[in-house]
Amino acid sequence: MRLSRRQLFTAAGLTALAGGISSNGPVAAAAPVRTWSGEIQVGDWEQYYLGLDGGAHQKALSALDIGHRDGVRADEQYLMVPVESVRRAALEFGDHAAADVLRDRFGLDSPSMLERGLKLVLGQDGLERRYLDEPALQLRYIGYRRRFANHVLPMPSAVRKALA
């Protein structure tokens, strides 16, 4: 789905602020406030899921009444979820996939949990974009993942700060 520039700027919470002139000189324009509006498709959210969040993703799905009969991923990949609910999943439950989909959607300056997880399991940097596009790399991850079954990556404070 392609969005117009206006839709992108609205989704990112950017607004045009006009600077004015006061008796004291030019008025400084305030920084735009990010609005967490719109919706995210569950499939887009779950493409970032690695399973290194200690069950936080499943807790978030349960809290949002999103069925996940296999105990891991949502049953309905095309279901649309409000952005604020995905943000809540990241902040309240520590869902890494939620943090990453928001980082990608809104261009947040925060570490990638997907990148950190891939580095831990596969021992390489710079795999995030490839992982999202290459099924062979996803299968390779699954093959190595078993050794890290009980490992939980903590969410850095920089990620929480970017989502606040």
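My aim in this report is to walk through the structure given alongside it, one point at a time. (Residues numbered from 1 in each chain as written. Predicted model: local features only at pLDDT ≥ 70, side-chain atom pairs only at ≥ 80, totals over all residues. Heavy atoms only, no water.)

## Notes on the packing of helix α3 (residues 56-63) against helix α4 (residues 83-93)
Part 1: Between α3 and α4, the least distance of the axes is 10 Å, while the angle of their chain directions is 130°. The angle between the axes of α3 and α4 places the two elements in the oblique class. Read as a crossing pair, α3 and α4 show a hand that is right-handed. Each of A56, K59, A60 and A63 in α3 lies in contact with α4, whose residues at this interface are R88, A89 and F93.
Part 2: Looking at the contact of α3 with α4, its residues break down into 5 nonpolar, no polar and 2 charged. (Axes fitted to C-alpha atoms, helices over the stretch in contact; angles between N-to-C directions. Helix = DSSP H or I, 4+ residues; strand = E, 2+ residues; numbered from the N terminus. Parallel < 35°, antiparallel > 145°, perpendicular 65-115°, else oblique. Left-handed = near helix turned anticlockwise from the far one by under 90°. Contact = heavy atoms within 4.5 Å. Nonpolar A, V, L, I, M, F, W, Y, C, P; charged D, E, K, R; others polar.)

## Considering the layout of surface pockets
Part 1: Of the pockets and cavities examined, the second largest pocket occupies roughly 310 Å³.
Part 2: What lines the second largest pocket is a set of 15 residues, among which Y49, L50, R73, Y141 and I142 lie closest to the centre.
Part 3: Listing elements by their share of the lining of the second largest pocket, those giving two or more residues are α7 (128-133) and α8 (135-145).
Part 4: If you tally residues by element for the lining of the second largest pocket, the top one is α8, at 4 residues.
Part 5: Of the residues in the lining of the second largest pocket, the class split is 8 nonpolar, 3 polar and 4 charged. (1 Å grid on protein atoms, 1.4 Å probe; cavity = no way out; pocket = protein on both sides within 12 Å on 5 of 7 lines; lining within 4 Å. Points joined across faces, edges and corners; volume = space filled by probe spheres on them.)

## With respect to α4
Part 1: All of the buried residues along α4 are V83, S85, V86, R87, A89 and A90.
Part 2: Two residues or fewer past α4, G94 is found with a positive phi of approximately 80°. (Buried < 20%, exposed > 50% of the residue type's maximum accessible area, 1.4 Å probe, protein only.)

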